[in-house]
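These are the residues of each chain, in order.
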Amino acid sequence: MFRGYHAVFITLFAVACSKLEPAAPAEDSLLDGPVEGLSNEEHLRFLRGDVAFNDEVFHADNGLGPVFVATRCGSCHAGDGPGHPSTTLTRFGQSDANGNTYLDQGGPQVQHRAVPGVAPEVLPDNAPSARFLPPLNTGLGFLDAVSDADLLAWADEHDADGDGISGRPNWVERKTYSPLRADAVEQAGQVIGRFGRKGAVYDLLQQTANAYNQDIGVVSQFEPIDPYTHEEQDPEIAAATVHDVVFYLRTLKAPIQRDKDNPDVIAGEAVFHTIGCGNCHRAELRTGPSPIAALAHRDFRPFTDLLLHDMGPGLDDGYTEGSASSAEWRTPALWGLGLFPDSQGGTYFLLHDGRAHSIAEAIDLHGGEGQAARDAYQALPASDRDKLLRFLQSL
Amino acid sequence: MKHALALLFALCVGAAAAQIDSTLLVSPPAPDSTRTPALNMDAVYNRPFLTFDKIPVSLGGYVEAKVQHLGTDGVNDGTSFALQRMTLFVASSIHRRIKFLSEIELEEGGKEIAIEFAALDLEFHPLLNLRGGIVMNPIGAFNQNHDGPKWEFNDRPLMAVRMLPATWSNVGFGVFGKRSSGPWTFGYEAYLTNGFDASIIGNSEDRTSLPAAKRNAERFTESSNGMPLTTAKVAVRHQRFGEIGISTMGGVYNQFQVDGLVLDKRRRVDVIAIDVNTGIKPWGTSLIGEWAWVMVDVPATYTQQYGSAQRGGFLDIVQPLYKGTILGFADAVLNLAVRGEYVDWNVGTFRETNTRIGDEVWAIAPAISFRPVPGTVLRLNYRHERAVDVLGNPPSVTGGLQFGISSYF
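Residues numbered from 1 in each chain as written. Chains lettered and ligands numbered in written order. Predicted model: local features only at pLDDT ≥ 70, side-chain atom pairs only at ≥ 80, totals over all residues. Heavy atoms only, no water.

**Q** Kindly report on the overall build of chain B, identifying the contributing residues and their values.
**A** Within chain B one finds two helices and 20 strands. In chain B, of all internal contacts separated by at least 6 residues, the share reaching a separation of at least 24 is 61%. Total accessible area computed for chain B in this model is approximately 17,500 Å², and 64% of it derives from carbon and sulfur atoms. Taking the 37 positively charged and 40 negatively charged side chains of chain B as two groups, their mean positions are separated by 6 Å. (Helix = DSSP H or I, 4+ residues; strand = E, 2+ residues; numbered from the N terminus. Contact = heavy atoms within 4.5 Å. Areas by Shrake-Rupley, 256 points an atom, 1.4 Å probe, with all protein chains shown as cover. Lys, Arg positive; Asp, Glu negative; His and termini not counted. Charge placed at Lys NZ, Arg CZ, Asp CG, Glu CD.)

Shown next as structure tokens:
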């Protein structure tokens, strides 16, 4: 018979167990997790996407490759942070806005790994190429919900204001499976890309379907061409799973700034804007309407303008995508910067290919439109540089 | 399943004509093998069996159940109960020198049913016995000596079940023998069996995983590639100092050809293990440990997520606190125990950065166990585990309490 003291014992046992269990890390120390305000139904879908993204491992028997780069989505984005040199992608075949001329030779990406018994791809001789570090995942839904009109308002392609910054959108072809945004602005049948190192990807569905195809070698109804045979094949993943992953990526929270009340951090942000970093790394953006209420009409601080900027010859690898030149890169968001080492094995791997091993080194490698800000940074007193770096590490 | 068990039972009864060899099919369990001349290799017989007059069949088994409340990084799934496994033994002495024993395990409430051992032993000489059927490959010690009631911890060692594939059974044949001289006992085993398949580098674990091959039940009817897995072990025991064993297991794991057409080169998996079972006699302390290295020929063009080398081990220290009458059990024992364990799933460095690959776990589990009788144990464990991902990022931390029972019957 169940007696009262049984309940007391069970309660004490449960409390004791909870106390013996590890505490949760502080929310602002993690890049992953859902955005606040999702409904229960949205939480369920987020979890489905989380499992598909982080736990579903592909192998030879369930669709991997046979040539590939990674075996699951999460292996390139540990903790939904940026990637590591061991998961870097090599893109090739396009040097200007005229498109990729190596599609018949395996372009636009080298699948440098293969299941046993199969030869992986190799980079064709003399092909223009660049290595891309997998980007940060968090907050993508916020970036996705910024209106095209805002991007165009920030663009200054011909530097009309004379500040040396001439951001412009990357006009790209929209995949037929990607729905047009409600507020989309088109130009000569092209749309504004906003994802990827070159900003050549229109939306998260294209990003996800393309990653399954080019990174894992998994064909879907969206991207049905197998990267090994270059032939159309039956889907190896359900469309519903792809959509769940897209939902997961859209609803990952925005990174939370730490120490934002620290005087050095506050001073560092002032330096950031004073020397011109914020001209491209735009601090505050606002989302437009969104079917996900938690994302609609929200102010957020990603420190990007989602536009292309010429970063000079030092960062010009000779390869590009969409209408970008090979020296142009889409401004990367800086949020979460201080937490990157927790996803990169304890070390910074910054810029598009991870060549910079510290924030300071990444700044030093800025050229082109970023050179003025870099020069100003290098001319700062040491204390101001430290404050600036402290601010960036707080993001 | 019930029909299979009934048939097996009937076969055993029908085939056996001689008296049971009571020296092998023992009634009481042997809780501390350091005090008997038996080696770890005898574990398959060193279990309590129920014997019946004039019926040449012995029956036995054990059951394990636990309740746990574990959390990882502040998130827990509440209180969870599990019947980890129920195992049935059926043994028979067909002749004084011909014996049969089977072990059928139902895991997780019957979700998995496996014949872990079903072999016929023929003794030609104490140093030369033939064993055929489904055998437990003698790699390390735990694989053959895995009965729940023998251990003070609710979970099996990570190294034994997630790096090595305990319980790892295969169809095959082999020889074994044992000889004692004074305080020394020497034993050996050598088997050729079916073995692994390519799932060890193509699985849902996203790492090299020998246990992944356990999911292929076809290994009980045919080899995946026609190449036998070789397993061999030698062990020596001194009555005073305990036992040490060295074992090796290896073979080709991939399907390198089909219908005579070559698909790939022959790729090997090899394991070396050392196991120790000793004690500190004056204190009654027992020390049981095992360490193993796994080497796998992973194609250089495959992902580095799947390592070509693994290593890991565990050490159990069990200290009896009190022996005597407890709660009316005359020979009860109260133990304090601790297990330390470690596995590096991917030994090596990244080609791109020349930095160490992570993917490792270590755990410590202090425990209190109560044995009202030698073959029954109640155990309370606290577990603290830290797991690092392949890049070596900050670890995920798991901790919590586990309480369980395990008993022979």
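**Q** Explain the sheet that holds strand β3 (residues 109-110) of chain A to me, using residue names and the numbers behind them.
**A** All names here are of chain A. Ordered in space as β3-β2-β5, the three strands form an open sheet in which the pairing is antiparallel. Edge strands, defined here as strands with exactly one partner in the open sheet, are β3 and β5 (129-132). Inspection of the sheet shows strand β2 (residues 89-92) paired to β5 by four bridges, in the antiparallel sense. Residue F92 lies in a different strand from β5, and its bridge partner there is S129. (Pairing = 2+ DSSP bridges.)

**Q** With reference to specific residues and values, describe the pattern of salt bridges.
**A** According to the stated counting rule, one finds 43 salt bridges over all chains in the structure shown. Here A:D144 and A:R181 are joined by a salt bridge, their closest N and O atoms 3.0 Å apart. Here A:R181 lies in the loop between β6 (170-172) and β7 (191-193) and A:D144 lies in helix α3 (residues 140-144), a separation of 37 residues in the sequence. For A:D144, a relative accessible area of 11% gives the class buried. The partner of B:D297 in a salt bridge is B:K265, with the nearest N and O atoms 3.2 Å apart. Of this pair, B:D297 sits in the loop between β15 (285-296) and β16 (309-326) while B:K265 sits in the loop between β13 (261-262) and β14 (268-280), and the two are 32 residues apart along the sequence. (Salt bridge = Lys/Arg side-chain N within 4 Å of Asp/Glu carboxyl O. Buried < 20%, exposed > 50% of the residue type's maximum accessible area, 1.4 Å probe, protein only.)

**Q** Provide a residue-level description of helix α2 (residues 40-55) of chain A, including the pertinent values.
**A** Residues and elements named next belong to chain A. The end-to-end C-alpha distance of α2 is 21 Å, a good match for the 22 Å that 16 residues give at a rise of 1.5 Å each. Turning to α2, its buried residues are E42, F46, G49, A52, F53 and N54. Tucked into the core, α2 has its buried residues touching α5 (204-216) and α6 (239-250). (Expected span 1.5 Å × (residues − 1).)

**Q** Summarise the interface of chain A and chain B; cite the residues concerned and give the values.
**A** At the interface, 35 residues of chain A touch 34 residues of chain B. Overall, the association of chain A and chain B removes approximately 2,600 Å² of surface from exposure, summing both partners, and the carbon and sulfur fraction of that is 61%. Three residues stand out in chain A for area buried against chain B, namely A:L20, A:E21 and A:P22, and they jointly supply 20% of the buried area on that side. Taken together, the links from chain A to chain B amount to two salt bridges. A salt bridge links B:E352 to A:R113; its shortest N-O distance comes to 3.9 Å. Those elements that provide at least two residues to the side of chain A that touches chain B are α1 (4-20) and β4 (113-114) of chain A. (Buried area = accessible area lost by both parts, 1.4 Å probe.)

**Q** Got a sec to walk through the nonpolar core? Specific residues and values, please.
**A** Counting 117 residues, the largest nonpolar core has A:Y212, A:L388, A:L392, B:F196, B:I200 and B:V296 as its most contacted members. Those residues in contact with A:L388 that lie beyond four places of it in its chain are A:G268, A:V271, A:F272, A:I275, A:I363 and A:Y377. Among the nonpolar cores identified, the runner-up in size contains 16 residues, and B:M41, B:V44, B:F176 and B:Y191 belong to it. (Core = buried A, V, L, I, M, F, W, Y, C linked by side-chain atoms within 4.5 Å.)

**Q** Lay out the pairing of strand β11 (residues 242-252) of chain B in plain terms, naming residues and giving numbers.
**A** In the case of a regular strand, side chains alternate between the two sheet surfaces. Residues and elements named next belong to chain B. Most of β11 is tucked away: eight of the 11 residues are buried. Taken together, the nine bridges between strand β10 (residues 229-238) and β11 define a ladder with antiparallel strand orientation. Along β11, the bridge assignment pairs T231 with M249. As consecutive antiparallel partners, β10 and β11 are separated by three residues.

**Q** So what about the side chain of A:T88? Which residues, and what values?
**A** All names here are of chain A. Along the chain, T88 falls in the loop between β1 (67-68) and β2. Residue classification places T88 among the buried residues on the basis of a relative accessible area of 3%. In this structure, T88 is in contact with V69, H112, R131, F132, L133 and P134, ignoring residues within four places of it in sequence.

**Q** Could you give me a rundown of a nonpolar patch on the surface, with the residues and numbers involved?
**A** Residue and element names in this part refer to chain B. Side chains of F186, V234, I244, I246, I272, I274, V276, W293 and M295 sit close together on the surface and give an oily, nonpolar patch of about 690 Å² of accessible area. Those elements that place two or more of their residues in the nonpolar patch are β11, β14 and β15. When residues in the nonpolar patch are grouped by element, the largest group, three residues, is from β14. Looking at the element boundaries, W293 is found in strand β15. (Patch = residues over 30% accessible without salt bridge, like charges linked within 9 Å, V, L, I, M, F, W, Y side chains within 5 Å.)

**Q** Pulling in residues and values, what's your account of the environment of A:A23?
**A** In this fold, A:A23 is placed in the loop between α1 and α2. The exposure class assigned to A:A23 is exposed, which follows from its relative accessible area of 64%. Setting aside anything within four residues of it in sequence, one finds A:A23 in contact with B:D73 and B:G74.

**Q** Describe the packing of aromatic side chains, listing the residues and the values that go with them.
**A** Summed over the entire model, instances satisfying the criterion amount to 24 aromatic pairs over all chains. Residues A:F92 and A:Y102 carry aromatic rings whose centres are separated by 6.1 Å and whose planes lie at 75° to one another, so their mutual orientation is edge-to-face. Here A:F92, found in strand β2, pairs with A:Y102, found in the loop between β2 and β3; they are 10 residues apart in sequence, far enough to count as distant. With 6.1 Å between their ring centres and 50° between their planes, B:Y62 and B:F89 make a pair best called tilted. Here B:Y62 is found in strand β2 (residues 55-72), whereas its partner B:F89 is found in strand β4 (residues 80-95), with 27 residues between them in sequence. Neither residue differs from the other here; B:Y62 and B:F89 are each classed as buried. Three or more aromatic residues link up through ring pairs in this structure, and these residues are B:F49, B:Y62, B:F89 and B:Y408. For the cation-ring pair, A:R181 lies above A:Y202, with the distance from its terminal atom to the ring centre recorded as 4.7 Å. (Phe/Tyr/Trp six-rings, centres within 6.5 Å; stacked < 30°, edge-to-face > 60°. Lys NZ or Arg CZ within 6 Å of the ring centre and 35° of its normal.)

**Q** Mind laying out the packing of α5(A) against α6(A), listing which residues take part and the relevant values?
**A** A packed helix pair is summarised by two numbers, namely the angle formed by the two axes and the spacing between the axes. Residues and elements named next belong to chain A. It is at 9 Å that the axes of α5 and α6 come closest, and there the two elements cross at 125°. Relative to α6, α5 is oriented oblique. As for the relative orientation of α5 and α6, their crossing is right-handed in sense. Taking contact as the criterion, the partners of L204, L205, T208 and Y212 in α5 are, on α6, T241, V242, H243, V245, V246, L249 and R250. Looking at the contact of α5 with α6 residue by residue, the classes come out as seven nonpolar, three polar and one charged. (Axes fitted to C-alpha atoms, helices over the stretch in contact; angles between N-to-C directions. Parallel < 35°, antiparallel > 145°, perpendicular 65-115°, else oblique. Left-handed = near helix turned anticlockwise from the far one by under 90°. Nonpolar A, V, L, I, M, F, W, Y, C, P; charged D, E, K, R; others polar.)

**Q** Break down the confidence of the model for chain B for me, citing the residues and quoting the values.
**A** Do not read the fine detail of predicted coordinates wherever pLDDT is low. Summarising the model, chain B shows a mean pLDDT of 89, and 91% of its residues fall at 70 or more. Here residues 1-36 of chain B scores under 50 on pLDDT; set against residues more than four positions off or in separate chains, the count is 68 contacts. (pLDDT = per-residue confidence, 0-100.)

**Q** Summarise the environment of B:S369; cite the residues concerned and give the values.
**A** Residue and element names in this part refer to chain B. With respect to the helices and strands, the residue S369 is situated in strand β18 (residues 360-373). Note on S369: relative accessible area 1%, which makes it buried. Setting aside residues up to four positions removed in sequence, S369 forms contacts with E152, V333, L334, N335, V377, L378 and R379.

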